[in-house]
Amino acid sequence: MSSDKNMKILIVDDFSTMRRIIKNLLRDLGYNNTAEADDGNTALPMLKKGGFDFLITDWNMPGMDGLTLLKNVRAEEDLKDLPVLMVTAESKREQIIEAAQAGVNGYIVKPFTAATLKEKIDKIFERIGSAG
Amino acid sequence: MSTEASDLDRYAEKARELLNHAEAGDHEAVGEVLDELTRLRETELFREVGKLTRELHEALKSFRTDNRLSELAANDIPDAQDRLNHVIELTENAAHKTLTALEESLESLSGLGSEGQELAAEWKRFRQRELSATEFRDLSRRMDAFFQRLEAEGATVQSKLTDALMAQDYQDLTGQIIRRVMKLVKEVEDGLVSLISISAPERATERRKTADKRVADPSELEGPQVPGHESDTAVQGQDEVDDLLSSLGF
């Protein structure tokens, strides 16, 4: 199964420019159904309301950071299977491992390319498809 | 405290003696007690001067040996300069990348509109059957070329605009670096404040404790790596992230 182009994606980053870049890249890839939040505290209630198929989040944000958001998502019965892609400047091995243990589905370090974003999204949904 | 307390006791004792002698009308004894009181006052003064001298000495000593401040001056400030230079580099590169993309896009698009207008006018003449066979062959050749150009330039402009879009990621990265330097500035400020309050040592230690705690926290996020200041455990790019994750079964 490949990703559904109509799926609803939430983009979480404290920098509006980065949200705009990701949103534009997603649009280039055919994903037009996106929403934005500037940190975990804003994102979590939006996610809880339902309707989102995919979460792309930064790590280091004021308020609730991306890792805490990820842990909250995994702890929520309705959200625990939501695919989460982390796009962050945090590049220490122990942090990548920490994110993996918290249940992230993909990890991209900034600065990144359009090709990397496409590759990771495709990979995430391929794996979800093959897992049934 | 104990010297001050015993000083006060002695003052009280002398004051009582003074009162007794005065009430008894013993002028000589009153004079003696007053002399003793003056001597007592002088010793106290000397002790105060000694204490001040010691404090001044300590302050000067700690001014020279305050490790954190000298560390800040020797390492962190130059480090901050490198970080800020990196910010300048990132913003400069982004501006150039954007300008290049825009200039090349403009070049790609130049003449496209006017050529289109000309061809549309010719096409209208053709629809109205005003073109000769030779003119139509010419128009058809020009239209072929125009479509080819449109196809090529369209792709070029799209890729240039994506370049310009991607170049905007500097804002996020530089913002994070600048925030870190601001944190350092705050730390220097705290250091200077504690230097000023050195005559009140309890306050200074309190500040030092919080400063140490901040440096020692290993789970603290590092943000973007700065060239020449990479963390030992940081990965070098996306390939290493992928390798690490696949080693974890991803």
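I will try to describe carefully the structure that is included in this document.

## Describing the overall build of chain A
When helices and strands are counted, chain A shows five helices and five strands. Listing the helices and strands of chain A from first to last along the sequence gives β-α-β-α-β-α-β-α-β-α. Here chain A holds 132 residues, and the buried ones make up 52% of them. Considering only contacts within chain A whose residues lie at least 6 apart along the sequence, 65% involve residues at least 24 apart. By element, 46% of the accessible surface of chain A is carried by carbon and sulfur atoms, the whole surface being about 5700 Å².

## Structural notes on the side chain of Thr116(A)
Tracing the chain through its elements places Thr116(A) in helix 5 (residues 114–130). Not counting the four nearest positions on each side in its chain, Thr116(A) is found in contact with Ile108(A) and Gln238(B).

## Some words on the layout of surface pockets
Put simply, the second largest pocket is a space of about 580 Å³. Along the wall of the second largest pocket there are 30 residues; nearest its centre are Lys110(A), Pro111(A), Phe112(A), Leu90(B) and Leu173(B). Taken together, the elements giving at least two residues each to the lining of the second largest pocket come down to helix 3 (67–109), helix 5 (133–166) and helix 6 (170–196) of chain B. When residues in the lining of the second largest pocket are grouped by element, the largest group, five residues, is from helix 3 of chain B. Grouping the amino acids of the lining of the second largest pocket by side-chain chemistry returns 17 nonpolar, eight polar and five charged.

## Here's the deal with helix 2 (residues 40–49) of chain A
Residue and element names in this part refer to chain A. Turning to helix 2, its buried residues number three or more, namely Gly 40, Ala 43, Leu 44 and Leu 47. Burial along helix 2 is one-sided: seen end-on, the buried residues are contained in an arc of 100 degrees. Contacts made by the buried residues of helix 2 are with strand 1 (9–12), strand 2 (34–37), strand 3 (54–57) and helix 3 (66–75). Between the side-chain oxygen of the N-cap and the backbone nitrogen of Asn 41 there are 3.3 Å, and the N-cap of helix 2 in question is Asp 39.

## Description of empty space enclosed by the protein
As enumerated under the stated definition, the model contains one cavity of 30 Å³ or more in all. Forming the walls of the largest cavity are Asn105(A), Gly106(A), Tyr107(A), Lys120(A), Lys123(A), Ile124(A), Arg127(A), Asp242(B), Leu245(B), Ser246(B) and Phe250(B). Only strand 5 (106–109) and helix 5 of chain A together with helix 8 (238–247) of chain B provide two or more residues apiece to the lining of the largest cavity. Of all the elements, helix 5 of chain A adds the most residues to the lining of the largest cavity, at four residues.

Definitions and cut-offs
Residues numbered from 1 in each chain as written. Chains lettered and ligands numbered in written order. Predicted model: local features only at pLDDT ≥ 70, side-chain atom pairs only at ≥ 80, totals over all residues. Heavy atoms only, no water. Helix = DSSP H or I, 4+ residues; strand = E, 2+ residues; numbered from the N terminus. Buried < 20%, exposed > 50% of the residue type's maximum accessible area, 1.4 Å probe, protein only. Contact = heavy atoms within 4.5 Å. Areas by Shrake-Rupley, 256 points an atom, 1.4 Å probe, with all protein chains shown as cover. 1 Å grid on protein atoms, 1.4 Å probe; cavity = no way out; pocket = protein on both sides within 12 Å on 5 of 7 lines; lining within 4 Å. Points joined across faces, edges and corners; volume = space filled by probe spheres on them. Nonpolar A, V, L, I, M, F, W, Y, C, P; charged D, E, K, R; others polar. Arc of directions from axis to C-beta. Polar contact = N/O pair within 3.5 Å; in protein donor to acceptor, adjacent residues only side chain to side chain.

Keep in mind that these numbers describe shape and distance, not what the molecule does.
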